[in-house]
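Coordinate inspection notes
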Amino acid sequence: MTDKTHGVATLYEQMKAKLSKVVPDVELKIKAEIAYEINLLKKKRNAVILGHNYMEPALFHSVPDFTGDSLDLSRKAATTDKDVIVFCGVRFMAETAKILSPHKTVLIPSAKAGCSLAESITAEDVHNLRKQFPGVPVVTYINTYAEVKAECDICCTSSNAQKVVESLNADTVIFLPDEFLAANVAKQTNKHIIYPAKTPKALQSQKPGIDYHMIGWSGRCEVHELFTPKDIEMVRRQFPDVLVLAHPECSPEVVAASDFAGSTNAMINYVKQSGADRFLLLTECSMGDNIIAESPGKELVRLCSHRCPHMQEITLEDTRAALHEMKYQVEVPDDIRVRAKKAVDRMLEIG
Ligand code: 13P
Ligand code: SF4
């Protein structure tokens, strides 16, 4: 038996132990071989692989050195001693890694892995808002590109948004670009939302309970905006014992109808620590497979027609090509990077 045959067989057995219920065996054999090659290239390039919780199961459970939510992975990117960071996630995440580790080579396996939230706002939009509301602090969700972060005072992720907003000790806050996350944080912090001109008037009147001290933007996650309170009702009718977990990029109505809302990490930990057996996850579908792989006793009800096309761009094949050809290198111009880093560092200091 050659080293390679032995290495692939070992990796296949490890992957099968976790993934036999969620990945067909024939696919596992192929993926194990690719994962083996990635691990060799990883050593050769002195690289670290960071994998977001939404990565497909065969990737998630094989090659990443670290997996986690946006906040977790930003911290890992800031402290790695490797020469190369391969970011198995979407572009704004890889850019954040580059902002925090400018002297490392940062690779993203697909050049097409965007995000509807990041696409929803430009640096000029932020500039105009600052003019419209002078002196009001600007919080940006991490799901934005570097040039937008560079115009903002502080970043946040879904796991620390409340803490970040409260840290500002301001009655009025501009919160960009996710209108649903802004509304959910407004509820948690007792602040209220001013929608800027881009948001239709009709939408403002649909949220009568919301006061006007937080300024929101009208970006939305194209995956989480699809979940509705009706989906929850339907599942609860069928499975009365189900616990419903929503990502805070879902609408406030969906969050209100759920039992828990939190970042992808918070949802994973909730399922692991809960004594309950059945959960409905209102988030990208792959994460449910990743949880089942580690907690086979749990039953997850998912609405799998709602997938993130950007996260799905990242495959094991592309990750191998990324390390082989050292592509796609993520660059952030220095003048933008330095200003964006201030907003990200300020968030990381909050803990
Ligand atoms: P998390 O920070 O909770 O992992 O969310 C990232 C994301 O893009 C969710 O859609
Ligand atoms: Fe962006 Fe939504 Fe995809 Fe997350 S799930 S990367 S917020 S489009």
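Shown above is the structure to which this text applies.
This write-up is about the structure you can find in this document. (Residues numbered from 1 in each chain as written. Chains lettered and ligands numbered in written order. Predicted model: local features only at pLDDT ≥ 70, side-chain atom pairs only at ≥ 80, totals over all residues. Heavy atoms only, no water.)

**Some thoughts on the pattern of salt bridges**
Here is the rule: Just to be clear on terms, a salt bridge is a Lys or Arg side-chain nitrogen sitting within 4 Å of an Asp or Glu carboxyl oxygen. For the purposes of this entry, the term helix denotes a DSSP run of H or I that reaches at least four residues, the term strand denotes a run of E that reaches at least two, and both are numbered from the N terminus. Summary of the burial criterion: residues with accessible area below 20% of their type's maximum are buried, those above 50% are exposed, and those between are partly exposed, where the area comes from a 1.4 Å probe applied to protein chains only.
Inspection of the entire model under this criterion finds 23 salt bridges. Among the ionic pairs, Glu95 bridges to Arg91, the shortest N-O distance being 3.2 Å. One end of the pair is Glu95 and the other is Arg91, both in helix α5 (residues 91-100) and four residues apart, which spans about a single turn. Note on Glu95: relative accessible area 4%, which makes it buried. With a relative accessible area of 34%, Arg91 lands in the partly exposed category. Two residues, Glu325 and Lys327, come together in a salt bridge whose shortest N-O distance is 3.2 Å. On the basis of relative accessible area, Glu325 is assigned to the partly exposed category, the value being 49%.

**Comments concerning the sheet that holds strand β2 (residues 66-68)**
Selection rule: We treat two strands as partners when DSSP finds at least two bridges between them. Structural elements are reduced to axes, namely lines fitted to C-alpha atoms, with helices fitted over the stretch in contact, and the angle between N-to-C directions of any two is expressed from 0 to 180 degrees.
Taken together, the four strands give an open sheet; going across it, the order is β2-β1-β3-β4, and neighbouring strands pair in parallel fashion. The open sheet has two edge strands, β2 and β4 (105-107), and neither has a second partner. On average, each strand axis in the sheet is inclined to that of its neighbour by 20°, with strand direction left out of account. Note: strand β3 (residues 84-88) against β4, three bridges, orientation parallel. When the bridges of β4 are listed, Ile85 appears paired with Val106.

**Regarding the environment of His247**
Convention followed: In this description, contact between two residues means that some pair of their heavy atoms is separated by no more than 4.5 Å.
Here His247 is to be found in the loop between β10 (243-246) and α13 (252-257). Sequence separation between His247 and Leu282 is 35 residues, and the spatial gap between their C-alpha atoms is 6.4 Å. Look past the residues within four positions of His247 in its chain and what remains in contact with it is Tyr54, Tyr141, Ser158, His224, Val255, Gly262, Ser263, Thr264, Met267, Leu282 and Thr283.

**Some thoughts on the site of ligand 1**
Put simply, the rule is: Consider each residue's heavy atoms; a residue with any of them within 4 Å of a molecule or strand counts as near. Under the rule applied, a polar contact is a pair of N or O atoms within 3.5 Å (in protein, one hydrogen donor and one hydrogen acceptor; residues adjacent in sequence only if both atoms are side-chain atoms). The Shrake-Rupley method, run with a 1.4 Å probe sphere, supplies the accessible areas, and residue values consider only the shown protein chains as cover. Basically, the charged four are Asp, Glu, Lys and Arg, the nonpolar ten are Ala, Val, Leu, Ile, Met, Phe, Trp, Tyr, Cys and Pro, and anything else, Gly included, counts as polar.
Taken together, His52, Tyr54, Asp69, Ser70, Asn143, Ser158, His224, His247, Glu249, Ser263 and Thr264 make up the full set of residues adjacent to ligand 1. His52 places a side-chain nitrogen or oxygen 2.7 Å from an oxygen atom of ligand 1. Between ligand 1 and the protein, one listed contact pairs an oxygen atom with a side-chain N or O atom of Ser70 at 2.7 Å. Protein contact buries 96% of the 300 Å² of open area that ligand 1 shows by itself. Each residue belonging to the shell around ligand 1 can be placed in one class, and the counts come to one nonpolar, eight polar and two charged.

**Observations regarding the pairing of β3**
Working note: regular strand, side chains alternate between the two faces of the sheet. Across the five residues of β3, five count as buried, placing the element largely inside the fold. Residues Val84, Val86 and Cys88 point to one face of β3 and Ile85 and Phe87 to the other, with burial holding for every one of them. As judged from the five bridges shared by strand β1 (residues 47-52) and β3, these two strands associate in the parallel manner. The residue of β3 that forms the bridge with Ala47 is Val84.

**Looking at the nonpolar core**
Note the cut-off: Throughout this description, the term nonpolar core refers to a set of buried Ala, Val, Leu, Ile, Met, Phe, Trp, Tyr and Cys residues connected via side-chain atoms within 4.5 Å.
If you look at the biggest cluster of nonpolar residues, it comprises 90 residues, and the most contacted ones within it are Met15, Val86, Val139, Phe175, Leu281 and Met347. With seven residues, helix α2 (residues 25-45) is the largest single contributor of residues to this core. Residues in contact with Leu281, not counting those within four places in the same chain, are Leu245, Met267, Val271, Met287, Gly288, Ile291, Leu300, Val301 and Arg302. If you look at the next biggest cluster of nonpolar residues, it comprises 14 residues, including Val242, Ala246, Val254 and Val255.

**Some remarks on the packing of aromatic side chains**
Heads up, the rule is: Aromatic pairs are defined between Phe, Tyr and Trp rings, using the six-membered ring for Trp, whenever the two ring centres lie within 6.5 Å; interplanar angles under 30 degrees are classed as stacked, those over 60 as edge-to-face, and all others as tilted. Two conditions define a charge sitting above a ring: the NZ of Lys or the CZ of Arg must be within 6 Å of the ring centre, and it must be within 35 degrees of the ring normal.
All told, the structure shown has one aromatic pair when counted by the stated rule. Positioned above the aromatic ring of Tyr145, the side-chain terminus of Arg91 is 4.1 Å from the ring centre.

**Overview of the site of ligand 2**
Taken together, Tyr54, Cys115, Ser116, Leu117, Asn143, Cys221, Val223, Glu249, Cys308, His310 and Met311 make up the full set of residues near ligand 2. Of the residues assigned to the shell around ligand 2, the class counts are seven nonpolar, three polar and one charged.

All quantities given are derived from atomic positions and should not be read as evidence of function.
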